[in-house]
Amino acid sequence: MKLIGLTGGIASGKSTIGRRLEQLGAVRIDADELAREAVAPGTPGLARVLARFGGELRRADGTLDRAGLGAIVFADAEALAALNAIVHPEVRRLFDARAEAARAQDPDAVLVYEVPLLVEAARDQGWDLVVTAEAPPEQRIERMVELRGMAEAEARRRIGNQANSAERTSVADAVIDTSGTRAETLAQVDELWRRITSG
Ligand SMILES: CC(C)(COP(=O)(O)OP(=O)(O)OC[C@H]1O[C@@H](n2cnc3c(N)ncnc32)[C@H](O)[C@@H]1O)[C@@H](O)C(=O)NCCC(=O)NCCS
Ligand SMILES: Nc1ncnc2c1ncn2[C@@H]1O[C@H](COP(=O)(O)OP(=O)(O)OP(=O)(O)O)[C@@H](O)[C@H]1O
């Protein structure tokens, strides 16, 4: 099995790239989805988050108030570190189980793991190739505000809590420039797939 780490800051185009790689034949796993599972209703992860950050973050339907928690942690580095310490080990466990299942099903699979915090928290996961999606922060902020309706200050706070482009690029084996059109991004992904599957 080949293990590809796909990183990039928020709204850098990771999902666009990951979905294309999936169409081309890769198995895709998304760390943001695993992080959601880690705090799903009834999990020990959710219980720990509520114990640390307050029971009022539990909504009437039993799910976590993600917007409320985001407002706390992205404005307070210590709180974010505490949340990461609860969620990240569980994400790692979930990832290991998924990767093992993919390997059992197809030993030749290409597994793409979309992980925004690869540089910060997942450098050492046995990557065969690390790919980063890069577009200037101002352009990513514009995308978050215009396409997702996120408040500009919130977008800036999230970016401020992530590694920067130079840090990601120095760890990566390949960079996909996502500052152009979607078609230009996809063409680079197709080229990358040829490289992955030819060697
Ligand atoms: C704070 C939470 C509840 C906010 O939830 P929300 O639904 O608003 O955002 P979502 O989880 O979809 O994340 C969107 C993006 O925010 C950024 N982000 C999320 N968590 C972090 C973090 N700990 N540090 C820096 N950036 C982060 C990433 O770019 C991510 O792709 C949530 O992000 C969370 O639980 N974060 C901690 C777990 C984590 O590190 N997740 C990232 C992948 S492991
Ligand atoms: N050239 C491009 N490449 C990739 N995405 C683009 C491009 N131009 C515009 N976009 C848009 O930018 C937004 C962010 O892309 P995407 O959702 O793939 O990013 P992401 O890194 O997965 O985001 P997140 O970190 O929030 O999970 C999307 O709405 C996407 O359609």
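These figures come from a predicted structure and were not determined experimentally.

Where do I start with the site of ligand 2 in this structure?
In the vicinity of ligand 2, 18 residues are found, and the nearest of them are Gly13, Lys14, Ser15, Thr16 and Thr185. Looking at side-chain class alone, the shell around ligand 2 contains four nonpolar, nine polar and five charged residues.

How should the UniProt feature "binding site: ATP" (unreviewed entry) in the chain be read in this particular structure?
As recorded in UniProt, the feature "binding site: ATP" (unreviewed entry) lies at Ala11, Ser12, Gly13, Lys14, Ser15 and Thr16. Looking at the element boundaries, serine 12 is found in the loop between strand 1 (2-8) and helix 1 (14-24). Ignoring sequence-local partners within four residues, the contact set of serine 12 consists of Ala133, Glu134, Ala135, Arg140 and Thr178. Its place among the elements puts serine 15 in helix 1. The partly exposed category is assigned to serine 15, around which 16 C-beta atoms lie within 10 Å.

Honestly, the site of ligand 1 in this entry has me stumped. Any pointers?
Lining the immediate surroundings of ligand 1 are 18 residues, of which Ile10, Ala35, Arg66, Gly70 and Pro116 lie closest. Residue assignment for the shell around ligand 1 shows that the elements contributing at least two residues are helix 2 (31-38), helix 4 (66-73) and helix 5 (77-105). In terms of residues, the shell around ligand 1 owes the most to one element, helix 5, which gives five residues. Looking at the shell around ligand 1 residue by residue, the classes come out as 11 nonpolar, four polar and three charged.

Would you explain the environment of isoleucine 159 in this entry?
In this structure, isoleucine 159 sits in helix 8 (residues 152-160). Not counting residues up to four positions away in its chain, the partners in contact with isoleucine 159 are Gly9, Ile10 and Pro137.

So what exactly am I meant to see when it comes to the sheet that holds strand 3 (residues 110-114) here?
Two orientations exist for strands paired in a sheet by backbone hydrogen bonds: parallel and antiparallel. Spatially, 2-3-1-4-5 is the arrangement adopted by the five strands of the open sheet, whose pairing is parallel. In this open sheet, the two edge strands, each paired with only one partner strand, are strand 2 (27-30) and strand 5 (174-177). Shown here is a sheet whose adjacent strand axes are inclined to one another by a mean of 20°, direction ignored.

Definitions and cut-offs
Residues numbered from 1 in each chain as written. Chains lettered and ligands numbered in written order. Predicted model: local features only at pLDDT ≥ 70, side-chain atom pairs only at ≥ 80, totals over all residues. Near = placed C-beta within 6 Å. Nonpolar A, V, L, I, M, F, W, Y, C, P; charged D, E, K, R; others polar. UniProt positions renumbered as here; feature names shortened; annotations may be inferred. Helix = DSSP H or I, 4+ residues; strand = E, 2+ residues; numbered from the N terminus. Contact = placed C-beta atoms within 7 Å. Buried ≥ 20, exposed ≤ 12 C-beta atoms within 10 Å, placed from the backbone. Pairing = 2+ DSSP bridges. Axes fitted to C-alpha atoms, helices over the stretch in contact; angles between N-to-C directions.

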